Amino acid sequence: MRLSVLLAALVAVATCTETFVGHQVLRVVPKSDEELLKVQELQGLEHLQLDFWLAPRGLGFPVDIRVPFRSLQPVKAHLEASGVSYSIMIEDVQALVDEEQTEMLRSSRQLPLTTNTFNYEAYHTLDEIYNFMDMLVAENPNLVSKLEIGRSTENRPLYVLKFSTGGTNRPAVWIDTGIHSREWVTQASGVWFAKKIVQDHSNNEGVASILKTMDIFLEIVTNPDGFAFTQTSNRMWRKTRSKHSGSICIGVDPNRNWDAGFGEAGASSNPCTETYHGPYANSEPEVKSIVDFVKSHGNIKAFVSIHSYSQLLLYPYGYTETPVPDQKELHELSAKAVAALSSLYGTNYKYGSIITTIYRASGGTIDWTYNQGIKYSFTFELRDTGRYGFLLPAKQIVPTAEETWLALKVIMEHARDNMY
Amino acid sequence: PAARAAAVALGYLRYLRGGPGRALELRALRRARRQDIDDVGHKYYLELELEDVLDKDRTVNCTAEVLYHLGNKSSAPDVQVTVQGELRSTEEADQEFYNRIRSLEKELVAENIPDSHGNVPPELEPIRLLAGVASGYLIWQNSTENTKFHLAQVKRVKQVKRSDEDLQFDYVVLLHEMVSQEVIPWEVTVLWHPRRGGRVSRDRRQPPHGPG
């Protein structure tokens, strides 16, 4: 550190740029006319080369003075001699300048160096999120690994983060966000969830207890082609970006493409619509890759697919009015999860089966997972209820993620305590 | 279904009572009842709790009746809304907005409100609220029992200076329809005056989106 300070000073001398090594910023709050006078006197002493960041305004108003190193002693003596108290706001101005330089370089490269400096309160690009995943894995190699479960239509990797403290094929929880690309708060929440899991584990609280016996799988960008498209071309894009023969229209609704009531009422057969179910079930690689993963894993006990907006917690079915056999348990669990969610910021959620709570929808994710035997299959619709809709302001990302996490924990804990 | 009727009632109320200084939102649907009237249609009786987001501490209760006509898809639902109590006065904010826009040298033009990240520059918030008034009209006029519309975004807005006292804004708004999940661009022109309120003078629906 000393060496760099010296070098900076030498460089500054050589290049005639200013350096602030050893400069301090002092704050005086004059409490009497005498004190005010003493401070004003300093303004007249030009040889001290004082730089008033906050000039004297009157009694009670702070006066901030940057004092060069060699003027420190005379200035402090001047103040102390008159009993004027001061505080040192900045001990070394150059240190702050250097820090800022580093920060600016860092942000101009657009890459945070650690998941601790990652900005969770902003929306990020696909590259930034993929970079975040790699950093998280690098920082926590004993807990987190990254799996590639397939490739999207446009050949983007489909990544799933696995959180595991060991074991072989432990019972697991699956969470996916971003299956509908325009629902940006979901991918952003997924990033927050990933960090939260790691933090809980480090602090041995929260989901640390769940990780003792279960694994967590988290797919943050479940529809990367769609996500990229929302960034470059159409912020309101929902579907995948596949092109199937026979139509000029692009994209299949990945939440109508699953093999549960596929093609029945509650999805569209028109490729140009937002709920187009696709030419056949699992036609979309984004969907097929999850299907293959779930089947080959064989031990997933809870499956949560996250969407926005509407503030709802939903369980199957969407394709039929027949209630699921576990309706009572899922309804009660939903009530608990929603209560936990609301407890944080008072956000109101409704809950129920898909078909009774929003509308008939066929070929949906959790209808398929439930029929596979994953009893605790849920869909969330996160904030808000329409005021901003898909365009939820970034400052709501963290509160949304925090409250949703409480509900997720209720579900995960219930799955752990009711193993089947 | 009741929630859809509530959205219609809210749209209607926004059209009648909204403005650049008033941000009415539905806080809760307290009670709902449906009545099937033979040869006429379905009528919903609703008790709603509203709030003006700019005046968060206060909620306003209102009752609404929404009648969806049988068969006749091109006819707007009949809506009646009764607000209990007073909505916060927006006279000052409205006048300020009016004066500000009238004094602009160049006609106001803007896009993407909110932007992709949900940001709305403070000086454009009234423009957005006025789009809510226009959308309220569109939602009221175009809803059926099988649709639920929300204003997703103001894609474009262009002010048109007028020789009379009204302000005129030509909008392209994006309406998100929940059941089909379509996002539909809609051209709509709003005339507004601080004392006379807002009215839609013309509207035209555009096709949902191209092939992709």
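Residues numbered from 1 in each chain as written. Chains lettered and ligands numbered in written order. Predicted model: local features only at pLDDT ≥ 70, side-chain atom pairs only at ≥ 80, totals over all residues. Heavy atoms only, no water.

Q: Residues and numbers for the layout of surface pockets, please.
A: Taken as a whole, the second largest pocket holds about 350 Å³ of empty space. Along its surface, the second largest pocket is lined by 23 residues, and Asn234(A), Arg235(A), Met236(A), Lys155(B) and Leu174(B) are the ones closest to its centre. Of all elements in the fold, only α8 (224-232) of chain A together with β6 (149-160), β7 (167-177) and β8 (183-193) of chain B reach the threshold of two or more residues within the lining of the second largest pocket. Partitioning the lining of the second largest pocket into residue classes produces 8 nonpolar, 10 polar and 5 charged. (1 Å grid on protein atoms, 1.4 Å probe; cavity = no way out; pocket = protein on both sides within 12 Å on 5 of 7 lines; lining within 4 Å. Points joined across faces, edges and corners; volume = space filled by probe spheres on them. Helix = DSSP H or I, 4+ residues; strand = E, 2+ residues; numbered from the N terminus. Nonpolar A, V, L, I, M, F, W, Y, C, P; charged D, E, K, R; others polar.)

Q: Describe the UniProt feature "active site" (unreviewed entry) in chain A, with residues and values.
A: Residue and element names in this part refer to chain A. This chain's UniProt record puts "active site" (unreviewed entry) on Glu 381. Among the secondary structure elements, Glu 381 is positioned in strand β12 (residues 376-382). In this view, Glu 381 contacts His 307, Ser 308, Tyr 309, Ser 310, Gln 311, Leu 312, Leu 314 and Tyr 349; residues no more than four positions away in its chain are not counted. Here Tyr 309 takes part through its backbone nitrogen, which lies 3.4 Å from a polar atom of the side chain of Glu 381. (UniProt positions renumbered as here; feature names shortened; annotations may be inferred. Contact = heavy atoms within 4.5 Å. Polar contact = N/O pair within 3.5 Å; in protein donor to acceptor, adjacent residues only side chain to side chain.)

Q: Account for the nonpolar core, naming residues and giving values.
A: Among the nonpolar cores identified, the biggest contains 144 residues, and Phe163(A), Phe380(A), Leu46(B) and Tyr171(B) are the most heavily contacted of them. The dominant element in this core, judged by the number of residues it contributes, is helix α13 (residues 397-417) of chain A, at 10 residues. Beyond its immediate stretch of four places on either side in the chain, Phe380(A) contacts Val304(A), Ser305(A), Ile306(A), His307(A), Leu312(A), Leu313(A), Leu341(A), Tyr349(A), Thr404(A), Ala407(A), Leu408(A) and Ile411(A). Counting residues in hydrophobic clusters, the runner-up holds 14 residues, among them Leu42(A), Val63(A), Leu79(A) and Val84(A). (Core = buried A, V, L, I, M, F, W, Y, C linked by side-chain atoms within 4.5 Å. Buried < 20%, exposed > 50% of the residue type's maximum accessible area, 1.4 Å probe, protein only.)

Q: Residue-level account of empty space enclosed by the protein, with values.
A: Residue and element names in this part refer to chain A. Enumeration according to the criterion identifies 3 cavities of 30 Å³ or more in this entry. Taken together, 25 residues make up the lining of the largest cavity; nearest its centre are Asn 255, His 307, Ile 358, Tyr 359 and Glu 381. Going through the elements one at a time, β9 (300-308), β10 (312-315), α12 (365-371) and β12 are the ones with two or more residues in the lining of the largest cavity. Tallying contributions element by element places α12 first for the lining of the largest cavity, with 3 residues. Each residue belonging to the lining of the largest cavity can be placed in one class, and the counts come to 10 nonpolar, 10 polar and 5 charged. Taken as a whole, the second largest cavity spans an internal volume of roughly 90 Å³. Taken together, Phe 118, Asn 119, Tyr 120, Ala 122, Tyr 123, His 124, Ile 129, Trp 184, Gln 187, Ala 188, Val 191 and Phe 227 make up the full set of residues lining the second largest cavity. Of all the elements, helix α6 (residues 184-203) adds the most residues to the lining of the second largest cavity, at 4 residues. Residues that form the lining of the second largest cavity fall into these classes: 9 nonpolar, 3 polar and no charged.

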